[in-house]
Amino acid sequence: MVLVSSTGEKDGSSNTRGNPADKSKPGGGLAAGLILGSELSERICVMGISMNLVTYLVGDLHISSAKSATIVTNFMGTLNLLGLLGGFLADAKLGRYKTVAISASVTALGVILLTLATTIPSMRPPPCDDFRRLHHQCIEVSGHQLVLLYVALYTIALGGGGIKSNVSGFGSDQFDSSNPKEEKAMIFFFNRFYFSISIGSLFAVIALVYVQDNVGRGWGYGISAATMVIAAVVLLSGTKLYRFKKPKGSPFTVIWRVAFLAWKKRNQRYPPHPSLLNGYDNTTVPHTERLRCLDKAAILDETCVSNESKNDQWIVSTVTQVEEVKLVLKLIPIWSTCILFWTIYSQMTTFTVEQATFMDRKLGSFTVPAGSFSAFLILTILLFTSLNERLFVPLAHKITGKPQGITSLQRIGIGLVFSMAAMAVAAVIEKKRRVSAVDNGTHMSAFWLVPQYFLVGAGEAFAYVGQLEFFIREAPERMKSMSTGLFLSTISMGFFVSSLLVSLVDKVTDKSWLRSNLNRAKLNYFYWLLVVLGAFNFVIFLVFAMRHQYKTQVGIAEIDEFVEKETKGIGNGVLEEKTTRKSSEYELKDMP
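If you're wondering where the values come from, they're calculated on a predicted model, not measured in any experiment.

Definitions and cut-offs
Numbering of residues starts from 1 in each chain and follows the order in which that chain's sequence is written. The model is predicted, so local features are restricted to residues of pLDDT at least 70 and side-chain atom pairs to those at 80 or more, both for listing and for counting; the totals for chains, interfaces and linings are taken over all residues. In computing side-chain values, all of the structure's heavy atoms are included and hydrogens and water are not. Patch building starts from residues that exceed 30% relative accessible area and form no salt bridge, then joins like charges within 9 Å and nonpolar side chains (Val, Leu, Ile, Met, Phe, Trp, Tyr) within 5 Å. Accessible areas in this description were obtained via Shrake-Rupley with a 1.4 Å probe; residue shielding takes into account the shown protein chains only. Just to be clear on terms, a salt bridge is a Lys or Arg side-chain nitrogen sitting within 4 Å of an Asp or Glu carboxyl oxygen. Runs of E in the DSSP output that reach at least two residues are strands. Runs of H or I that reach at least four are helices, and both are numbered from the N terminus. Planes of paired rings set the category: under 30 degrees apart is stacked, over 60 is edge-to-face and the rest tilted, where pairs are Phe, Tyr or Trp rings (Trp by its six-membered ring) whose centres lie within 6.5 Å. Three labels apply to residues, based on accessible area from a 1.4 Å probe with only protein chains included: buried if under 20% of the type maximum, exposed if over 50%, partly exposed otherwise in between. Only Lys NZ and Arg CZ are tested; either one counts as a charge over a ring when it is within 6 Å of the ring centre and within 35 degrees of the ring normal. Here, axes are lines fitted to C-alpha atoms. For helices the fit covers the stretch in contact, and angles between N-to-C directions go from 0 to 180 degrees. An angle below 35 degrees is read as roughly parallel, one above 145 as roughly antiparallel, one from 65 to 115 as roughly perpendicular, and any other as oblique. Crossing handedness is read from the near helix: turned anticlockwise from the far helix by less than a right angle, it gives a left-handed crossing, and turned clockwise, a right-handed one. Here a residue-residue contact requires only that any non-hydrogen atoms of the pair lie within 4.5 Å. Ten residue types, Ala, Val, Leu, Ile, Met, Phe, Trp, Tyr, Cys and Pro, are classed as nonpolar, four, Asp, Glu, Lys and Arg, as charged, and the remainder, Gly among them, as polar. Every residue is assigned a pLDDT by the predictor, reflecting its confidence on a scale from 0 to 100.

### Observations concerning a nonpolar patch on the surface
Taken together, Leu85, Leu89, Leu94, Ile102 and Leu158 make up a surface patch of nonpolar side chains, about 380 Å² in accessible area. The element best represented in the nonpolar patch is helix 3 (residues 65-94), accounting for 3 residues. Turning to its location among the elements, Leu85 is positioned in helix 3.

In structure tokens:
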């Protein structure tokens, strides 16, 4: 068996000509920084659009509030789901660099189209002074006028999905995980990655939204388009600095083929030792006993009578392919328990904003817009992302001795705890707000909402970075971009689950919990429901997290398994030579 690097995979880096990369020059922090520019610009565009698009749809296009919210939700959900497509294309054919470059160009085109759609007079219905009050006098936008708007939005979604699913993976490719110094730099890269996109979000919420409302929507979107064009140019300018990893074929094809062969050979007996499986001696991923039923795809039977048959992947799979599918399947349990975090997060853009509209938002003589309170969420994310790098990770490193301080699953767990605490605080504050408004006729200060923004922001700083790191590092090399798309789908599913949960609660409670007039509603009950669901979800997460083996741990487990079998007489009787070779191929001191 050939096992290389602490992750159990060949590094596979190359330069622009496809030759092995000179790791003394390409890659590193500078290359990763240039790559980050694409995600920073994408975040500026998407946040600048999503945070204020509904006001354009209602106020300028005269679309109902419910329909406008649906348009925005569908746009955001589609953008994150298209991350799966972007990851698939990168892993299957294009590679991460080409996918990011093309996606950045597509996003820039989409924002340019959106600028045109919102500035061309013929794309809007006749103006109306007060759509909400004089609905019958306003003409809603016609179907053909929406065509350019929809084309623009979903062009942005297509490009944004390609960027989101590949930028982080392409950035991590610039570091050699077998080098302790670069391994540490890659860990900090994940923190800087989220810090940078949070800066972009803050700029969009404060600056771009102001420009759209007070200077002109075309100017706001035009700035976003220019930012995206610049980011694409910067990305291309650093081409000679990047390390590249060639795509290794369609991950979906590999998954389907292994599943098909395992089912086809389900009645065959397992060989007496895994070394008899096809490609065991040349595997780049350690063999494991978990999900053993998939090993049958690599069984050499009577149909594998020649070397050509052994190389036919529709006749027999290799151990490497089987273990890659196992790695993907091992991500699913953690994936499922991450969805509820984003369901809770989505409340910050819906009910929390509604709470603010029923509270005192004055700051001196200035009335703070309800939607602007999301700035506290972003500021908290920036604060904790910075503290993670400068305080928490170094402190945890001293305590645990691990380069990353705490593991990615521990980060996710901390994020889940913060989210539950946020909903508990939100429930308490909402009850006090309603009592104050109904019984005393007074309005609480909207700044009482800051604690729940703070807790959700702190949770996101841990959960986002933890999930991103987990899905990238734990995925097989050929499927990293697809696994990032899988992570992005948790965000999309979180929004969709929130919509489903609201509908169910509204139906079960006969609209008594979630009314438009929050003074007559029981929103705090809904928040407590999320706390209960969050606690149940957290227990399940702990079970899955405790059972999960990191890729580097799999190598150690494989060594121990081999030693145990050799001592029982199973194998070739070369215990000392093989175990010495296996142990030397892992950096035991760096194992989490």
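### So, the packing of aromatic side chains
The full count for this structure, using the stated rule, is 18 aromatic pairs. Note on Tyr97 and Phe244: the rings are 5.1 Å apart at their centroids and 80° apart in plane angle, and the pair reads as edge-to-face. One end of the pair, Tyr97, is in helix 4 (residues 96-119); the other, Phe244, is in strand 2 (residues 244-245), with 147 residues separating them in the sequence. Owing to a relative accessible area of 13%, Phe244 belongs among the buried residues under this scheme. Seen from their ring centres, Tyr242 and Phe244 are 6.2 Å apart, and the 80° between their planes marks the pair as edge-to-face. A residue is classified by how much of its surface remains accessible, and Tyr242, at 0% relative accessible area, is buried. Linked through ring pairs, Tyr97, Phe170, Tyr242 and Phe244 together constitute an aromatic cluster. For Lys296, the ring lying beneath its charged end belongs to Tyr270, and the centroid distance is 4.9 Å.

### Overview of the packing of helix 10 (residues 319-346) against helix 14 (residues 450-474)
With their axes 11 Å apart at the nearest point, helix 10 and helix 14 run at an angle of 165° to one another. In terms of orientation, helix 10 and helix 14 fall into the roughly antiparallel class. Once helix 10 is placed against helix 14, the crossing between them reads as left-handed. Packed against helix 10, whose contacting residues are Leu327, Leu331, Ile334, Trp335, Cys338, Phe341, Trp342 and Tyr345, the element helix 14 presents Val456, Gly459, Glu460, Ala463, Tyr464, Gln467, Phe470, Phe471 and Glu474 at the interface. Its residues placed into classes, the contact of helix 10 with helix 14 shows 13 nonpolar, 2 polar and 2 charged.

### Regarding the environment of Tyr550
Considering the arrangement of structural elements, one finds Tyr550 in the loop between helix 16 (523-547) and helix 17 (551-567). Sequence spacing of Tyr550 and Thr407 is 143 residues, and the spatial spacing of their C-alpha atoms is 9.7 Å.

### A few points about the environment of Ile334
Within the secondary structure, Ile334 sits in helix 10. For Ile334, a relative accessible area of 1% translates into the label buried. Taking the C-alpha atoms as reference points, Ile334 and Leu409, separated by 75 residues in sequence, lie 8.6 Å from one another. Once residues lying within four places of it in the same chain are set aside, the contact partners of Ile334 are Leu409, Ile412, Phe470, Phe541, Phe544 and Ala545.

### Observations concerning the pattern of salt bridges
This model, assessed by the stated rule, comprises 7 salt bridges. A salt bridge links Glu469 to Arg411; the nearest nitrogen and oxygen atoms lie 3.7 Å apart. You can see Glu469 sitting in helix 14 and its partner Arg411 sitting in helix 13 (residues 408-439), a full 58 residues away along the chain. Neither Glu469 nor Arg411 differs from the other in exposure class; each is buried. Notably, a salt bridge pairs Glu469 with Arg473, separated by 3.7 Å at the nearest N-O pair. Taken together, the positions of Glu469 and Arg473, both in helix 14 and 4 residues apart, correspond to about one turn of that helix. Here Arg473 falls in the partly exposed class, since its relative accessible area comes to 24%. What emerges from the salt-bridge pattern is a single network uniting Glu39, Glu42 and Lys164.

### Description of the confidence of the model for the protein
Mean pLDDT for the protein: 76, with 78% of residues reaching 70 or above. Taking the mean pLDDT of every element in the protein, the minimum, 38, falls on helix 18 (residues 575-584) and the maximum, 91, on helix 16. Across residues 1-11, where pLDDT falls below 50, the model places 44 contacts with residues more than four positions away in sequence or in other chains. Ignoring residues within four places in sequence, the model shows residues 131-136, a span with pLDDT below 50, making 7 contacts including any to other chains.

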